[in-house]
Amino acid sequence: MQVLLWRYFAIFTVLIVVVVSLVCFGILGSAYSGQARERIIAIGNGLSAFVDGKSSHLMGEIGGEMNRYAFTEGVDIFLVGTDGQAFIYTTEPSDDWDEIFDELSETVDGWTENRAVVYSSASMMNYVSCVTFNANQSYLFVRYPMYIMSESVRSMQIYIIVIAAVAIIVAFIISYMLARRISRPIRNISETAMRMAKGDYGVQFASAEFEEIAQLSESLNYAKDEIKKSDDFQKELLANVSHDLRTPLTMIKAYASMVKEISGDDPGKRNKHLQVIIDESDRLTGLVNDILNASKVSAGLSELNKKVFNLTDFIYGIMNKFDYLQETAGYKFYVDIDPNLYTLADEEKIYQVIYNLVSNAVNYTGADKCVYVSLKDCPEQSRIKFAVRDTGKGISDEEKEHIWDRYYRSKDAHARPVKGTGLGLNIVKIILQAHNFNFGVNSKEGEGSTFYVDFPEVSSTPDN
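Residues numbered from 1 in each chain as written. Predicted model: local features only at pLDDT ≥ 70, side-chain atom pairs only at ≥ 80, totals over all residues. Heavy atoms only, no water.

Colleague: Would you explain the overall build of the protein in this entry?
Modeller: Counting its regular elements, the protein contains 11 helices and 12 strands. Expressed as a percentage of its 464 residues, the buried residues of the protein come to 38%. Restricting the contact set of the protein to residue pairs at least 6 apart, pairs at least 24 apart contribute 65%. Summed over all atoms, the accessible surface of the protein reaches about 26200 Å², with 54% contributed by carbon and sulfur. (Helix = DSSP H or I, 4+ residues; strand = E, 2+ residues; numbered from the N terminus. Buried < 20%, exposed > 50% of the residue type's maximum accessible area, 1.4 Å probe, protein only. Contact = heavy atoms within 4.5 Å. Areas by Shrake-Rupley, 256 points an atom, 1.4 Å probe, with all protein chains shown as cover.)

Here is the structure:
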């Protein structure tokens, strides 16, 4: 990346310098040529107006004016007749004067009063005007050596070339430094990502002065934290599941051996031992189902099958399944449910939600083993509020952020009849988010927790 950035910066800079240099070359040549043309016309027009109509007795005055222009402007000036004879001049006519005059006569192509012509020849800019001197037709001939302009243009072009070369060298250096400056944080991010990929979650993606790279670093740090959290949760799940699976498997094996070796001929003992095997098998099935349900729901493998159903009867039906806890473990369920409340949802998945919330309350309630379940109509808001409250130790503000995460289980020790996998509340979260239902938890440490869900209230016979 560093090489590519340097190459692109360098090429871009070279193109700019080359284009600017070429433009300057063209502008300099045309600008100097245009200025020379304008200047020689101004000189010629001024002298023509001064000379035209004068007689020979003013030759000294005319010569003085011509010499003044020649000295200040660097031009050669001639006042010649139509036959080529030079009357007044600022410099001696050269050996090739005849050729010069022939070119002049050809260019002018006949004397015409007050006519002026400008033309270039042999590195000279020439101005010719038709004037009357001493009552005779004459030419005022002004020559400006173009080599002076050419030398100036060449000097400027050399300066431009030198400046362009220096600019390109400086641009290459700056491009290289800038490319390194941009690529260094990206290279650091890449190296850090490789360390993270090998399982080192203690790495930190360094920020950078470039906003986009800084945002990328923040995103990667967030992703790293989430991956670490997920990895920790999975490790905790493996530990929890290993423990929770080992217990029923051990019980099943032990009681199967007892049936085989001890109680096989005793119907009473045999039935008792077989019931333990059945209960532990059911417990094992529940653990496996939790894991499968979480994976299935989170992967979106099952679509919602919404329908209108009686939520009141539905909740009563679920609560009946916890009667065995009242009879065998001394739990107390206080149920406060309004009659004949209907909602629109996926009945099968809402069953998982209610069952998991009540089971969670059972697992985490206090020593009094009390669980409070309510279902209340809120007609002013067109909703039904379901709530389940336990009397346990409550949830800290720190834990509230994680209780809905997969594999998470409270680190506090709680006495409860069934050990969970840490998937129940995650299943609740996924299902309720799919329904777009409002849900949450209210809890303070030492005061228990209340989990709630807001169901939409509908008529028992909705319009089709």
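Colleague: Any chance you could explain the packing of aromatic side chains here in plain terms?
Modeller: When we look at a pair of aromatic rings, we describe it by the centre distance and by the angle of the planes. Per the stated rule, a full pass over the model turns up 14 aromatic pairs. Residues Phe322 and Phe333 carry aromatic rings whose centres are separated by 5.8 Å and whose planes lie at 45 degrees to one another, so their mutual orientation is tilted. In this pair, Phe322 sits in the loop between helix H7 (311-320) and helix H8 (323-329) while Phe333 sits in strand E7 (residues 332-337), placing the two residues 11 residues apart along the sequence. As far as the burial class goes, Phe322 and Phe333 line up, both buried. One aromatic cluster is present, built from ring pairs that chain together Phe309, Phe314, Phe322, Phe333, Tyr351 and Tyr355. Cation over ring: Lys54 sits above Phe50, and NZ or CZ is 4.5 Å from the ring centre. One cation-aromatic arrangement involves Arg389 over Tyr372; the distance from NZ or CZ to the ring centre is 4.0 Å. (Phe/Tyr/Trp six-rings, centres within 6.5 Å; stacked < 30°, edge-to-face > 60°. Lys NZ or Arg CZ within 6 Å of the ring centre and 35° of its normal.)

Colleague: Honestly, a negative patch on the surface in this entry has me stumped. Any pointers?
Modeller: A cluster of acidic residues, Asp95, Asp96, Asp98, Glu99, Asp102, Glu103, Glu106 and Asp109, forms a negative patch on the protein surface. By the secondary structure assignment, Asp95 is in the loop between strand E2 (86-89) and helix H3 (97-108). (Patch = residues over 30% accessible without salt bridge, like charges linked within 9 Å, V, L, I, M, F, W, Y side chains within 5 Å. Salt bridge = Lys/Arg side-chain N within 4 Å of Asp/Glu carboxyl O. Lys, Arg positive; Asp, Glu negative; His and termini not counted. Charge placed at Lys NZ, Arg CZ, Asp CG, Glu CD.)

Colleague: It is not clear to me how the pairing of strand E11 (residues 438-443) should be interpreted in this structure. Could you clarify?
Modeller: Successive side chains on a regular strand alternate, one facing one side of the sheet and the next facing the other. The pairing of E11 with strand E12 (residues 449-456) spans six bridges and is antiparallel. Pairing of Ser443 across the sheet is with Ser449, part of E12. (Pairing = 2+ DSSP bridges.)

Colleague: What is the right way to look at the packing of H7 against helix H9 (residues 347-364) in this model?
Modeller: How two helices pack is summed up by the angle between their axes together with the distance between the axes. H9 packs onto H7 with a crossing angle of 50 degrees between their chain directions and a minimal axis gap of 10 Å. The angle between H7 and H9 falls in the class oblique. Two packed elements cross with a definite hand, and for H7 against H9 that hand is right-handed. Contacts from Phe314, Ile315, Ile318 and Met319 of H7 reach H9 at Glu347, Ile350, Tyr351, Ile354, Tyr355 and Val358. Considering only residue class, the contact of H7 with H9 consists of nine nonpolar, no polar and one charged. (Axes fitted to C-alpha atoms, helices over the stretch in contact; angles between N-to-C directions. Parallel < 35°, antiparallel > 145°, perpendicular 65-115°, else oblique. Left-handed = near helix turned anticlockwise from the far one by under 90°. Nonpolar A, V, L, I, M, F, W, Y, C, P; charged D, E, K, R; others polar.)

Colleague: How do you make sense of the environment of Glu457 when you look at a structure like this?
Modeller: Tracing the chain through its elements places Glu457 in the segment after E12. Overall, Glu457 belongs to the partly exposed group, its relative accessible area being 27%. Put simply, Glu457 and Leu344 are 113 residues apart on the chain and 7.5 Å apart in space, counted from C-alpha to C-alpha. If we skip the residues at most four places from it in the chain, Glu457 touches Leu341, Tyr342, Asp377, Cys378, Pro379, Ser382, Arg383 and Ile384.

Colleague: How should the packing of H9 against helix H11 (residues 424-435) be read in this particular structure?
Modeller: Direction vectors running N to C along H9 and H11 enclose 145 degrees, while the axes themselves pass 9 Å from each other. Handedness of the H9/H11 crossing: left-handed. Two secondary-structure elements touch here, H9 through Lys349, Ile350, Gln352, Val353, Asn356, Leu357 and Asn360 and H11 through Gly424, Leu425, Ile427, Val428, Ile431, Leu432 and His435. The residue makeup of the contact of H9 with H11, split by class, is eight nonpolar, five polar and one charged.

Colleague: Quick question: what am I supposed to make of unusual backbone geometry here?
Modeller: Negative phi is the rule for most residues except glycine; trans is the rule for most peptide bonds. Unusually for a residue other than glycine, Lys369 sits at a positive phi of about 55 degrees. In this structure, Lys369 sits in the loop between H9 and strand E9 (370-378).

Colleague: Sorry, what's going on with a nonpolar patch on the surface here?
Modeller: There is a patch of nonpolar side chains on the surface, built from Met156, Ile158, Tyr159, Val162, Ile163, Val166, Val170, Ile174 and Leu178 and spanning about 800 Å² of accessible area. Relative to the assigned elements, Met156 resides in helix H4 (residues 146-197).

Colleague: Quick question: what am I supposed to make of the pattern of salt bridges here?
Modeller: Once their charged atoms are close, side chains differing in charge can pair, the charge on each being opposite to the other. Inspection of the entire model under this criterion finds nine salt bridges. One salt bridge in this structure joins Lys349 and Asp346, with 3.7 Å as the shortest N-O distance. Here Lys349 and Asp346 have matching classes, each one buried. Salt bridges sharing partners connect three or more residues here, namely Asp336, Asp338 and Lys376.

Colleague: How should I be thinking about H3 in this particular structure?
Modeller: Along an α-helix, a turn takes 3.6 residues, which lines up residues three or four apart on a common side. Taking 1.5 Å per residue, 12 residues should reach 16 Å; H3 reaches 16 Å between its end C-alpha atoms and fits that length. Those residues of H3 lying buried are Trp97, Ile100, Phe101, Leu104 and Val108. With its buried residues spanning 95 degrees around the axis, H3 presents them on a single face. Away from its buried face by more than 90 degrees, H3 exposes Asp98, Glu99 and Glu106. Buried positions along H3 lie against strand E1 (76-81), strand E3 (116-121), strand E4 (124-133) and strand E5 (136-145). Positive backbone phi, at 55 degrees, marks Asp109, one or two positions downstream of H3. (Expected span 1.5 Å × (residues − 1). Arc of directions from axis to C-beta.)

Colleague: Can you walk me through the pairing of E4 in this structure?
Modeller: Burial of E4 is extensive: nine of the 10 residues sit out of reach of the surface. Where E3 meets E4, six bridges bridge the pair, whose relative direction is antiparallel. In the strand pairing of E4, Val117 is matched with Val128. In textbook terms, the turn of a hairpin is the stretch between consecutive antiparallel strands, and for E3 and E4 this stretch comprises two residues, one of which, Ala122, has a positive phi near 45 degrees. In this structure, the hairpin formed by E4 and E5 is closed by a connection of two residues, where Asn134 is found at a positive phi of approximately 55 degrees.

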